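# Architecture and fold: a report
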Amino acid sequence: MSVSTAAIDPSVCAPLPVLGQDVTVPLVTGGEVTYAALDYAASAPALQRVWDDVAAYAPYYGSVHRGAGYLSQLSTDLFENSRRTVAEFLGCRAEDQVVFTRSTTDSLNLLAAAIPANCQVFVYETEHHASLLPWRDAQVTYLNAPRTPGQAVETLERALADRDPYGPALVCVTGASNVTGELWPVKELAAAAHAHGARIVLDAAQLAPHHPVDIAELDVDWVAFSGHKLYAPFGSGVLAGRADWLQAAEPYLAGGGASRKVARRADGGVDVDWHTTAARHEAGSPNVIGVYSIASACKALAEAGFDNLVAREQELVRRVREGLAQVPEVQVLSLFGDDAPRVGVISFVVRGWNSSHFAAALSAEYGIGVRDGLFCAHPLVRTLLGSDPQDPGECGAPEAEPGERSLNAIRVSFGAGTPDEHIERFLRAVTELVREGAQWKYRTEDGRCVPDRGTAAQV
């Protein structure tokens, strides 16, 4: 069993500098090693460029929109210029709005609060919980997991054909699966939605960091994504797209910034005139640094050449998939099959291993950070594992002891900042763990599989 260690052609693209690339972590077997961050799908490390931009701005931090001082005016300009940068990055149409939120989850909950009364929502069971769960006040149709991109379009067309054609409807779909990394046929789904009088929102949390997203070209109505997956720090997100539903809805949060005019009435009540711009849903003091960090990341990716970044990532995807294919005990999870285009997100299980045990050994013995669990996409992972929807298993919490089969999976994910060595180490580690077993004993503690300190395995 051999693993290719051929270096990636540096002419394709070098990895972008990210924070933490020189951080060392202890190994349970002794010594330290540079940490291999291969959990980009959860949170990508911030680009060094983004951190430097934020640090340069920090001394000039000030309140936005209503301050008369120089720093407030500077911060206001920076905030609104960031909105324009994000709009350009997403290829927004002239009439689109860019609303800043806390995350993808926040963005989709905002949209869920803004949909018209009696709106029918169509969502695949394959979605991340952020796009599966917000539609609690709507009539929701959950669509079964398709096994081909064409089947995804056909399933949606059949469901839309059976709906009430006179009421509002919304389709919610991911651009790239947070479990399999597979790209969904977004443009075709948007065409199907519009042909049946429905609108469509794209969950681009996993797509935007790995692949260009163009709202106008895809012809989607809204796009949602998070800064912390786009190489920016935590705490900021985006909902961009059509303004009419957002303008007609009550503000997502009531407060300062969302209101243009507030006056007492003679009867003791209050009259409020709300903004019709993006500010309508941005009440309170905004996260200026978070917003600026997203804009900085958008600029950095564009300036690095997104096509070059995509080409390099596809080379990493190829090498990881080929390396895992050399280990017969490894089963890579997929909806659309081996030939489906995908981003740098790959989930798998290992025969004879509890997934949390395997992930713990990768961390403790090799300094590799991956994710194990159901990845906040419980229905999808259970479908891919062939288990019953009622089977136990939680996101990140093992239900079995080390060595026993679990209903969870292991996810490795990477992107623009991933060096060759991290991929090589990961493939070597998988091969060695399967062939030779773990060097240490592990136990379950507080719902996590952890090394049993001071207790080496008998090998």
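Anything mentioned here points back to the structure above.
Residues numbered from 1 in each chain as written. Predicted model: local features only at pLDDT ≥ 70, side-chain atom pairs only at ≥ 80, totals over all residues. Heavy atoms only, no water.

## Quick word on the overall build of the protein chain
- Along the backbone of the protein chain there are 13 helices and 19 strands.
- A compact globule built from 459 residues would reach a C-alpha radius of gyration of about 23 Å, and the protein chain, at 23 Å, matches this within 12%.
- Considered along the principal axes of its C-alpha atoms, the protein chain spans approximately 80 × 55 × 45 Å.
- Here the protein chain holds 459 residues, and the buried ones make up 56% of them.
- If you take every contact in the protein chain between residues at least 6 apart in sequence, the share linking residues at least 24 apart comes to 70%.
- For the protein chain, the accessible surface area stands at approximately 19400 Å², while carbon and sulfur atoms represent 50% of it.
- Averaged over its 37 positive side-chain charges, the protein chain has a centre that lies 3 Å from the centre of its 56 negative ones. (Helix = DSSP H or I, 4+ residues; strand = E, 2+ residues; numbered from the N terminus. Rg over C-alpha atoms; globule rule 2.2 N^0.38 Å. Buried < 20%, exposed > 50% of the residue type's maximum accessible area, 1.4 Å probe, protein only. Contact = heavy atoms within 4.5 Å. Areas by Shrake-Rupley, 256 points an atom, 1.4 Å probe, with all protein chains shown as cover. Lys, Arg positive; Asp, Glu negative; His and termini not counted. Charge placed at Lys NZ, Arg CZ, Asp CG, Glu CD.)

## Digging into the pairing of strand 17 (residues 409-413)
- Strand 17 sits mainly inside the fold: five of its five residues count as buried.
- Residues A409, R411 and S413 line one face of strand 17 and the alternating positions I410 and V412 line the opposite face, and both faces are buried.
- In this sheet, strand 17 lies alongside strand 14 (residues 345-350) in antiparallel orientation, the contact comprising four bridges. Residue pairing across strands places I346 opposite V412, the latter belonging to strand 17.
- Across three bridges, the pairing between strand 16 (residues 371-373) and strand 17 is antiparallel. Bridge pairing in strand 17 links D372 to I410. (Pairing = 2+ DSSP bridges.)

## Some remarks on unusual backbone geometry
- Of note, N118 is a non-glycine position whose phi angle comes to about 65°, a positive value.
- Here N118 lies in the loop between helix 3 (104-114) and strand 5 (120-124).

## Brief notes about the sheet that holds strand 9 (residues 222-226)
- An order of 4-10-9-8-7-5-6 is seen for the seven strands of this open sheet, with the pairing classed as mixed. Of all the strands in the sheet, the pair left with one neighbour each is strand 4 (97-101) and strand 6 (139-143). Geometrically, the sheet is characterised by an average inter-axis angle of 20° between neighbouring strands, direction not taken into account.
- Relative to strand 9, strand 8 (residues 199-203) is paired through three bridges, and the arrangement is parallel. Its bridge partner being in strand 9, L202 is matched across the sheet by V223.
- Against the sheet, helix 3 contacts strand 4, strand 7 (169-174), strand 8, strand 9 and strand 10 (237-241), and its axis sits at roughly 150° relative to strand 9. (Axes fitted to C-alpha atoms, helices over the stretch in contact; angles between N-to-C directions.)

## What about the environment of T101?
- Along the chain, the position of T101 falls in strand 4.
- By relative accessible area, which is 10% here, T101 ends up buried.
- For T101 and S226, which are 125 residues apart along the polypeptide, the C-alpha to C-alpha distance reads 8.6 Å.
- Beyond its immediate stretch of four places on either side in the chain, T101 contacts D106, S107, L110, G235, S236, G237, V238 and L239.
- Of note is the side chain of T101, whose polar atom sits 3.5 Å from the backbone nitrogen of V238. (Polar contact = N/O pair within 3.5 Å; in protein donor to acceptor, adjacent residues only side chain to side chain.)

## Description of the packing of helix 11 (residues 355-366) against helix 13 (residues 420-436)
- The N-to-C vectors of helix 11 and helix 13 enclose an angle of 115°; their axes lie 11 Å apart at closest approach. Considering how the two elements wind past one another, helix 11 and helix 13 form a crossing that is right-handed. Contacts from F358, A361, L362, E365 and Y366 of helix 11 reach helix 13 at R425, F426, A429, V430, E432, L433 and V434.
- Looking at the contact of helix 11 with helix 13, its residues break down into nine nonpolar, no polar and three charged. (Left-handed = near helix turned anticlockwise from the far one by under 90°. Nonpolar A, V, L, I, M, F, W, Y, C, P; charged D, E, K, R; others polar.)

## Focus on helix 12 (residues 378-385)
- Of all eight residues in helix 12, six are buried, a share of seventy percent or more.
- Among the structural elements, helix 4 (129-132), strand 13 (330-332), strand 14 and strand 16 are those in contact with the buried residues of helix 12.
- In the segment just after helix 12, G386 is the residue with positive phi, at about 70°.

## As for the sheet that holds strand 17
- As summarised here, the arrangement of the four strands in space is 13-14-17-16, forming an open sheet in which the pairing is antiparallel. Since the sheet does not close on itself, it has two edges, and those belong to strand 13 and strand 16, each with one partner. Averaged over all pairs of adjacent strands, the angle between strand axes in this sheet comes to 30°, irrespective of strand direction.
- Summarising the sheet, strand 13 and strand 14 pair through three bridges and their orientation is antiparallel. Bridging from a neighbouring strand, Q331 pairs with V349 of strand 14.

## Side note on the environment of F336
- By the element assignment, F336 lies in the loop between strand 13 and strand 14.
- Linking F336 and H281, residues 55 residues apart in sequence, is a C-alpha distance of 37 Å.
- Residues in contact with F336, not counting those within four places in the same chain, are P146, R147, T148, P149, E182, L183 and W184.

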